[in-house]
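The chain contents come next:
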Amino acid sequence: MKTIAPAQGSLSDEPEFKRLTAQEAKQLREANPSISPWWVVGGQLGVGSLVALAAWGITGKAGIGWSAAYGALVVIVPAIVFARGLTGRFSSLNAGAAAFGFFLWEMVKLALSLAMLVAAPKLVVGLSWPALVLGLFLTMKVYWVAMVVSPKRKKRLLE
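Right, let's walk through the structure included here. (Residues numbered from 1 in each chain as written. Predicted model: local features only at pLDDT ≥ 70, side-chain atom pairs only at ≥ 80, totals over all residues. Heavy atoms only, no water.)

## Here we look at the layout of surface pockets
Our working definition: The rule is simple: put a 1 Å grid over the protein atoms alone, call a set of points where a 1.4 Å probe fits but cannot get out a cavity, call an open set with protein on both sides within 12 Å along at least five of seven lines a pocket, and count a residue as lining if it has an atom within 4 Å of a point. Grid points are joined across faces, edges and corners, and a volume is the space filled by probe spheres set on the points. Only DSSP runs of H or I reaching four residues or more are called helices, and only runs of E reaching two or more are called strands; each is numbered from the N terminus. For this classification, the nonpolar set comprises Ala, Val, Leu, Ile, Met, Phe, Trp, Tyr, Cys and Pro, the charged set comprises Asp, Glu, Lys and Arg, and every other residue, Gly included, is treated as polar.
The computed volume of the largest pocket comes to approximately 260 Å³. In this structure, the largest pocket is lined by Val74, Val75, Pro78, Ala79, Glu106, Lys109, Leu110, Ser113, Leu117, Leu136, Met140 and Tyr143. When residues of the lining of the largest pocket are traced back to their parent elements, those giving at least two are helix H3 (62-86), helix H4 (95-123) and helix H5 (129-140). Across the lining of the largest pocket, the residue classes tally to nine nonpolar, one polar and two charged.

## Overview of the nonpolar core
Put simply, the test is: Note on terminology: a nonpolar core comprises buried Ala, Val, Leu, Ile, Met, Phe, Trp, Tyr and Cys residues joined through side-chain atoms within 4.5 Å. Burial classes follow relative accessibility: with a 1.4 Å probe on protein chains only, a residue under 20% of its type's maximum area counts as buried, one over 50% as exposed, and anything between as partly exposed.
One finds Tyr70, Val74, Val75, Met116, Ala120, Val124, Leu132 and Leu136 forming the largest nonpolar core, which totals eight residues. The dominant element in this core, judged by the number of residues it contributes, is H3, at three residues.

## Thoughts on H5
In plain terms, the rule: Expected helix span is taken as 1.5 Å per residue step, with the number of steps being one fewer than the number of residues. As used here, the arc belongs to the directions running from the helix axis to the C-beta atoms. Residue contacts are defined here by distance: any two heavy atoms, one from each residue, within 4.5 Å place the two residues in contact.
With 12 residues, H5 should cover 16 Å at 1.5 Å per step; its first-to-last C-alpha distance of 16 Å lies within 8% of that length. Listed in full, the buried residues belonging to H5 are Ala131, Leu132, Gly135, Leu136 and Thr139. Looking straight down H5, one finds that the buried residues subtend no more than 135° of arc, so they occupy a single side. Its buried side turned inward, H5 meets helix H2 (37-59), H3, H4 and helix H6 (142-149).

## Concerning the packing of H4 against H5
Quick reminder of the rule: In this analysis, axes come from line fits to C-alpha atoms, helices being fitted only over the stretch in contact, and the angle between any two N-to-C directions falls in the range 0 to 180 degrees. Roughly parallel covers angles under 35 degrees, roughly antiparallel covers those over 145, roughly perpendicular covers 65 to 115, and oblique covers all other angles. Handedness of a crossing follows from how the near helix is turned relative to the far one, being left-handed for an anticlockwise turn of less than a right angle and right-handed for a clockwise one.
With their axes 12 Å apart at the nearest point, H4 and H5 run at an angle of 140° to one another. Comparing their axes, H5 and H4 come out oblique. By crossing handedness, the relation of H4 to H5 is classed as right-handed. The residues of H5 that touch H4, namely those facing Leu117, Ala120 and Pro121, are Trp129, Leu132 and Leu136.

What follows is the structure, given as structure tokens:
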């Protein structure tokens, strides 16, 4: 029987897995704090309010302000449902439940967003789709801003 040598870049060339001590794990968590989903939702509420007021103030038309506000709500309401689902007891049971919960709540968030968009013409008087999309887009971008401006990260950067 012929023996085959391991190929270059095989698993045997990788460094061995090193378990972290409790102190090392604590330092890693402190160096990379997680962002609360509620922090993101709060930021979205603030930005959505500002966008709606700015749209109304700039154009002087209430319909455009309400359209921008509804666009923000298309992001905020599903984000609240998603955050509540992720912070529930079921999602923290184990890694499998957490992964399943994440995908389940992400699908619920997507379906709720689509349902709100479909309902927009019936719910918003004088709907302006460009204002709605602008409110939706700017509110959605808060995810990126929240990662940079998170209170824990800001505190760490100041130290």
